[in-house]
Amino acid sequence: MEPGTKLGPYEITEQLGAGGMGEVYLAQDTRLGRKVAIKVLPAEFASDPERLARFEQEARAAAALNHPHIAVVHDIGTEGDTHFMVQEYLEGDTLREPLQKGALPLKKALGLATEIAEALAAAHAAGIIHRDLKPENIFVTKEGHAKVLDFGLAKLTEVAGAGSPGGATQSPTMMGTVAGQVMGTAGYMAPEQVEGSDKIDHRADLFAFGCVLYEMVSGVRAFAGRSIAETLAHIQHDDPTPIQESDPSLPDELQRIIRKSVAKEPGGRYQGAGDLAVDLKAIALEVESGTARSAHDATAEVTDPAWVVSGARVLPWAVAGVFAALAGVFFAQSLPPPPLPTEHYEVEMPGILSVGASSALSSDGRFIAYTGVNGEGNQVIYARALDHPNVYEVEGTTGGEYQFFSPNSEWLGFHAQGVLWKVPIQGGRREAICETPEAVGATWGPKGEIIYAVPPGDEGTVHVWPHFLPGGESILFTISGGSDDRSQVAHLSLADGITTILLDGSAAAYTSTGHLLFRRGGALSAVAFDIASGDVLGDAVEVVAEVQWVFYGGAHYGVADSGHLVYLEAATQLVESSLVTLDRDGNPTPAYAAQDAGWVQPQFSPSGSRVAYARIPRGGGSGIYSLDLDAGGRRIPLYRPGTGLATWPVWSPDGEWVAFVSFSPTGINTFRVRADGSGGVEQLTFESNVRTIPSSWSADGTLAIEQGPNNQRDVLLLPMGDGQEHDLQEFLVGEYNERGAKFSPDGRWLAYTSDRSGLDQIWVVPYPQGGAPVLVSIGGGKEPAWSRAGAELFYRNNDEMWVVPYEAGATFNPGDPELLFRGDYSYGYIDWAFNYDVYPDGQRFLMVKDGPVPKLQVLVNWFEELKRLVPTGGS
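In this convention, every chain numbers its residues from 1, walking through the sequence in written order. In keeping with the model being predicted, local features are shown solely for residues with a pLDDT of at least 70 and side-chain atom pairs are shown and tallied solely at 80 or more, while totals for entire chains, interfaces and linings include all residues. Side-chain numbers here rest on the full set of heavy atoms in the structure, without hydrogens or water.

## Observations concerning the overall build of the chain
Item 1. Every helix listed is a DSSP run of H or I at least four residues long, and every strand listed is a run of E at least two residues long, numbered separately from the N terminus. Of the regular secondary structure elements, the chain holds 13 helices and 58 strands.
Item 2. Remark: exposure states derive from per-residue accessible area (1.4 Å probe, protein chains only) relative to the maximum for the residue type, with buried under 20%, exposed over 50%, and partly exposed in between. Taken over 875 residues, the chain has a buried fraction of 56%.
Item 3. Residues are treated as being in contact if the distance between any of their heavy atoms lies within 4.5 Å. Taking all contacts inside the chain whose residues are at least 6 apart in sequence as the whole, residues at least 24 apart take part in 50%.
Item 4. Each accessible area is a Shrake-Rupley estimate made with a 1.4 Å probe; only the visible protein chains count as cover when residues are assessed. A total accessible area of about 35500 Å² is found for the chain, and carbon and sulfur atoms account for 51% of it.

## Description of the sheet that holds strand β48 (residues 749–754)
Item 1. Strand pairing is assigned whenever DSSP detects at least two bridges linking the two strands. The four strands lie next to each other as β47-β48-β49-β50, forming an open sheet whose pairing is antiparallel. The open sheet is flanked by β47 (738–743) and β50 (774–775), the only strands paired with a single partner.

## Points about the environment of F845
Item 1. In this structure, F845 sits in strand β57 (residues 844–849).
Item 2. Judged by its relative accessible area of 0%, F845 falls in the buried class.

## A look at the nonpolar core
Item 1. Here, the term nonpolar core denotes a set of buried Ala, Val, Leu, Ile, Met, Phe, Trp, Tyr and Cys residues that are joined through side-chain atoms within 4.5 Å. Ranked by internal contacts, the top residues of the largest apolar core, which has 56 residues, are L95, I116, F209, L213, M216 and L280.
Item 2. Every element with two or more residues in this core is listed here: α4 (106–125), β8 (138–141), β9 (146–148), α7 (203–218), α8 (228–237), α9 (252–261) and α10 (273–289).
Item 3. The element best represented in this core is α7, accounting for 11 residues.
Item 4. Residues in contact with I116, not counting those within four places in the same chain, are L133, I138, A146, V148, F209 and M216.
Item 5. Within the second largest apolar cluster, 18 residues are counted, among which are A507, A509, Y557 and L565.

## Section: α9
For the α-helix, the turn length of 3.6 residues means that residues three or four positions removed from each other point alike.
Item 1. Counting buried positions along α9 gives eight out of 10 residues, so the element sits mostly inside the fold.
Item 2. Of the residues making up α9, those classed as buried are E253, L254, Q255, R256, I257, I258, K260 and S261.
Item 3. Each element contacted by the buried residues of α9 is listed here: α4, α7, α10 and β14 (392–393).

## Topic: the pairing of strand β18 (residues 431–435)
Item 1. Note: strand β17 (residues 419–424) against β18, four bridges, orientation antiparallel. Paired with V419 across the strands is E435, a residue of β18.
Item 2. Here β17 folds back onto β18 in antiparallel fashion, the turn holding six residues, of which G427 has a positive phi close to 110°.

## Observations concerning the packing of aromatic side chains
Pairs of aromatic rings are described using the distance from one ring centre to the other and the angle between the two planes.
Item 1. Between 30 and 60 degrees the pair is tilted, below 30 it is stacked and above 60 it is edge-to-face, where a pair is any two Phe, Tyr or Trp rings, Trp via its six-membered ring, whose centres lie within 6.5 Å. For the coordinates displayed, the defined rule picks out 20 aromatic pairs.
Item 2. Look at F743 and Y767: their rings are 4.8 Å apart centre to centre, the planes differ by 65°, and that puts the pair in the edge-to-face class. A residue pair is termed long-range when its members are at least 10 positions apart, and F743 in strand β47 and Y767 in the loop between β49 (761–766) and β50 qualify at 24 residues.
Item 3. Members of the aromatic cluster, joined through ring pairs, are W749, W786, Y806 and F812.
Item 4. Above the face of the W411 ring, K422 is positioned so that its terminal group lies 4.5 Å from the ring centre.
Item 5. Note on geometry: a ring has a charge over it if NZ (lysine) or CZ (arginine) is within 6 Å of the ring centre and within 35 degrees of the ring normal. K742 extends its terminal NZ or CZ atom over the ring of F834, reaching a point 4.4 Å from the ring centre.

Read these as geometric descriptors, not functional statements.
Laid out in C-alpha cells, this is it:
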C-alpha cells in the first residue's frame, strides 16, 4: 500500500511491518490530527464472512478496554475489499528486540511482567482472551512501559474443527512463513492449544505469560526445539529448566511463579492474572529491599568468609581456640540444654474458608495448608511457609478440601471432584491417587500407604479423620455423630483389625512427647498416651480454650514433630457477619444486624414479608431460621440439627415450606420444614455418596437440585406436587459443571452457572422443555437472581453486581449486562451457596458483610509447654 493511500479518514504514511496477521502501516487520522497504526487484514481472512464477523465482535470488545498497558483500538473499518483495524501509534519496540540480546535486568523484567499481568487481568475480566501472547505482541514504549497488542486478532485465525490438525493449534504466527515466527508462537502455546482442545480459556494466556516471563529473566525460551513438532512435544511433556541454572541469584519465589504459570493442566495454573500480578509485586518489593531469597543466597550462607579458614593461614592460637571450644562442647554434653521458650504469633490467612474447612501442618512444621476462596469465588487450597509471608494458591486444587501432608512434607494430598489427589507443595503437576466420592480426612503412613475416610457409616455414625501412629502399624480415628458430645476417639490395630475406644472427643493426633491431642467441648485437650500398649494414662487437660470445628467432628488445628502447634480459634468470618441493604448504586445501610449474627444465605419469601437464612453460631453447628418482617423482625427457628450443619434455605412458591440441606452422618441431603416452624422435618433425598442440595423451587412445585461431589455439579429436578413421586430427574447433566439454578418468577426459564465456555458464566435455558442455553453474562458470573418487579436478571462476578435486562417471548433475549456496583461482600462460602437476595421491589439487595478475617494462631517450641501442662511420667 503506497504512501498517500486513504482508508476512510486515515492517510497512509509508511509501512511499519508485515507478518502472518497482515501488514501494519503508520497513518494520519485526518479528522483528529493524530498518528495511528493501521493493521490491514490478509485477504484470506477478510474473505471468510464467519471469521470476519467473529473478528469484528472481538475487536469491538477489545475497543471497549481502557487500560494503560493495553494498546487502544480506535476503530475498525472497510475500504472496498480492504478490512483494517486502527490502533494507537506507539513509539518504542516490541519485547522481542531487547530479548534478542539476552535476559532483561531483574527489576525491569518484574516491572514489565507486572504491567502485562495487569493488562491480562483487565482483558479477562471483560471476557476477552488473547490466545497469542508472545514477545512480538508486547510493545515496550520509549518510556519503558508495556503495552499488550492485538487483543481480538488471535480468534480470527481459528478455523472450523478445532480438534483437527488445522484447528486451534494453528495460531496466527504459525500460519505465516517465517521460521522464526513459527517457532515463536509454537513456544508460547498452552498444552490445551497444542492438543486442539475446544475449551481454551483465559488460563491459556497465563501459560503464555509464564513462557514470556521465563524468557525475560533467563534470556532463553522456556520451550524450544529443532522443529515445531519437537517444540510442541516439549510443551506437552517437559518442564522448563529451572531459571537458577542461568542465573543462581534469581529469587526462588520467581521460579515458583513461573512453574505455576506453565503448569500443564489449566487447573494447576494461576486461576486469575490479578493474583499473578500481586505475587510479582511482592517479589519486586523483596528485590528492592534486598530480602529476596535465592539458591545463591543459601550457598553464600554456607560459604560465608567469616566461617571459612584457609589451611595455610591458621595460627596456633586459633587452633588452640578450636580445641578449647571442642572441650567445652564435650563436657557440656552431660547437661541437657535449657528448653527454648514457647513463642506465639499470628498468621494472616487471605481467603480462608473457615466454616467447615480444615488446615494441615507438615510434619516438619514448615508448611501450613488451608481451604480458602480465591478471587474468582472458587474453593481452593492455599499454602504458605511459616517462615515466609507469601501465601500462594496450590496448583490444581480447585474444589479441594480435607488436605493432608506426606511424611516427608513434600506432597500435599487432598480431595476434589470425586478423586483423591497429590500435588507438590511447592508447585507442580497434580497426580491422581484414586477415585472416591468423599474423603473426610486422610493420613499418609511412613511406608507410603494412605488411609482415607468415606462416610457415611452404619447406625448414624461415621468413621473419619484417620491419623497414623509412629511405625505405621495402627491409626487413631474419630467415630463421629456430628458433634463433640456424640464423638469418640478410637484406636485401630492394622495387624489384627481390633478397634478400642479411647475417650470421648474427636480429631485426635499423636505427638512425639507421648500425648494425644483431641477436640472436646470446643477446646483442644491433651492426655498422656502409651503408644506401646495403646492405653490412655491419667486425665485429659485443656490446652487451648477454643478451636474451630470442622465437618464430621473435625477440628481446625495441626501439630508437627518440630514442636509447632497451629490452630484457628472458634471465631469465624461468619460468626461476625451481618446483613446489609444496598441500593443499585451500592450505598449500604444496616439490615436486621442488631439482633443476630452469623448470617448465611438470606432468601426472601415469595411475598417478601419474611427472610429465611442459615445461622452459624460460635463454635460450630448451625440452624435454619426465618425473620418475620411484618412482626418487627421476629426470629422463628425452623430447624436446629443435633448434629452436622444445615444451610441453603429455599422457599416453596406458596411460602408454606422451606427446603434446605443438612450435612449429617447419613449423608448430605435435602429436607423440608414448614415455614411457621410447626411440625417435623421431612427428608426429600436419600443419597449417600454425593451432595444433594436445593437451589430453587418453581411455581409448578419442582425443586431444582444440585448433585455431585464438591465443585462438580449437575442440575436435577425433584417433583414436589401433591401425589407426585419425589424421584430425582436429570435436567442439566453432562461434562460441564452446572450449579446455582434459579427459576424465573413466571417459571418459564432457569438461570444457572456453567463452565461450558471455559469460564463460569450465567446461562438461561427454557423450562421445563429444556433446549439450547443462552449466554447472559460477560467476563464471568455466578449466583443469578431474578427480579420480581421487572424483566431483569442479576448476577455477581467476584466483587461486582451486574444486571441484565431481557425480553422473553418464544425465546429468551438478554440485553447488554450493566455493572451496578462493586463491594466487598461475602460469597456463598460453602459450595457457592447464594449469599444474597434481591428485594421484591428489584431496587435493593440484601447482602452479607463479613467481620474481621481470622488469623491462624502459631505456637513455636510448644512441646515444652505441653509437657509442663500434661506430665507423662517419662523422661
